[in-house]
Amino acid sequence: MSTSIVKIPREREISPCPCNREKTYAECCLPFHYGRKRPETAEQLMRSRYSAYFFRLVDYLVATTHPDKRDKKLAHNIDETIWEPSWRKLEIISQSKGGADDKTGKVEFIATYSLGKETRQLHEKSRFRRFKGKWMYLDGKG
Ligand SMILES: [Zn+2]
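In this text the structure is predicted, and so the values were computed from the model without any measurement. (Residues numbered from 1 in each chain as written. Predicted model: local features only at pLDDT ≥ 70, side-chain atom pairs only at ≥ 80, totals over all residues. Heavy atoms only, no water.)

The next point concerns a positive patch on the surface. Together, Arg38, Arg70, Lys132 and Lys134 make up a positively charged patch on the protein surface. Within the element layout of this structure, arginine 70 appears in the loop between α4 (58-63) and α5 (74-81). (Patch = residues over 30% accessible without salt bridge, like charges linked within 9 Å, V, L, I, M, F, W, Y side chains within 5 Å. Areas by Shrake-Rupley, 256 points an atom, 1.4 Å probe, with all protein chains shown as cover. Salt bridge = Lys/Arg side-chain N within 4 Å of Asp/Glu carboxyl O. Lys, Arg positive; Asp, Glu negative; His and termini not counted. Charge placed at Lys NZ, Arg CZ, Asp CG, Glu CD. Helix = DSSP H or I, 4+ residues; strand = E, 2+ residues; numbered from the N terminus.)

Right, let's talk about the pairing of strand β5 (residues 118-131) for a bit. Within a regular strand, side chains alternate between the sheet's two faces. Direction of pairing for strand β4 (residues 104-115) relative to β5: antiparallel, over a ladder of 12 bridges. By the bridge assignment for β5, lysine 106 is matched with arginine 127. If you look at the hairpin formed by β4 and β5, you'll find 2 residues sitting between the two strands, and glycine 116 has a positive phi there, around 60°. Of the pairings in the sheet, the one linking β5 to strand β6 (residues 134-141) comprises 7 bridges and is antiparallel in character. Bridging across to β6, phenylalanine 131 finds its partner in lysine 134. Hairpin connection, β5 to β6: the antiparallel pair is bridged by 2 residues, and lysine 132 has positive phi, about 50°. (Pairing = 2+ DSSP bridges.)

For the rest of this paragraph, the subject is the layout of surface pockets. Roughly 440 Å³ of volume is contained in the second largest pocket. Around the second largest pocket sit 23 residues that line it, and Tyr53, Trp87, Phe109, Leu122 and Glu124 are the ones nearest its centre. Within the residue set of the lining of the second largest pocket, elements represented by two or more residues are α3 (42-55), α5, β4, β5 and β6. Per-class residue counts for the lining of the second largest pocket are 16 nonpolar, 3 polar and 4 charged. (1 Å grid on protein atoms, 1.4 Å probe; cavity = no way out; pocket = protein on both sides within 12 Å on 5 of 7 lines; lining within 4 Å. Points joined across faces, edges and corners; volume = space filled by probe spheres on them. Nonpolar A, V, L, I, M, F, W, Y, C, P; charged D, E, K, R; others polar.)

Side-chain pairing between opposite charges can occur once the charged atoms of the two side chains come close. Inspection of every chain in the model, using the stated rule, returns 6 salt bridges. For glutamate 13, the salt bridge is made with arginine 10, and the minimal N-O distance between the two is 3.9 Å. Residue glutamate 13 and its partner arginine 10 are both found in helix α1 (residues 10-13); the two are separated by 3 residues, about one turn of the helix. By relative accessible area, glutamate 13 is classed as partly exposed at 21%. The exposure class assigned to arginine 10 is exposed, which follows from its relative accessible area of 54%. Linked through salt bridges whose partners overlap, the residues forming this network are Lys69, Arg127 and Asp139. (Buried < 20%, exposed > 50% of the residue type's maximum accessible area, 1.4 Å probe, protein only.)

It is worth stressing that arrangement in space is one thing and function is another; only the former is reported here.
Now the structure itself:
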């Protein structure tokens, strides 16, 4: 565990959250990223993971992956792939369960990103499951 104090740039706090243009980062995903709040729904966790890809918060992505899927190479694998894409937009297509009283949930989304000069889309159906009460990402299918 890292004990270093993370300085969050002010301009980042007051900018629209990458996952949701209607809220600022400070009002949306920041409290999840810095451990001040826990996502209450699978959708909140999904959005916060998208924003974590946007800001390249590898530790957060590892910490919110279900332990069943958190193999030793996970941090390394995320770190190898997180730097190139520039994430542009997140659209939630559908979801089932994943609420405050559920133990599992599914969220289908389309995430748009740029890779070099190309614009691409990731269309995924993600599965989430609680672990010790916290929402965790289990896996996803394209
Ligand atoms: Zn957000």
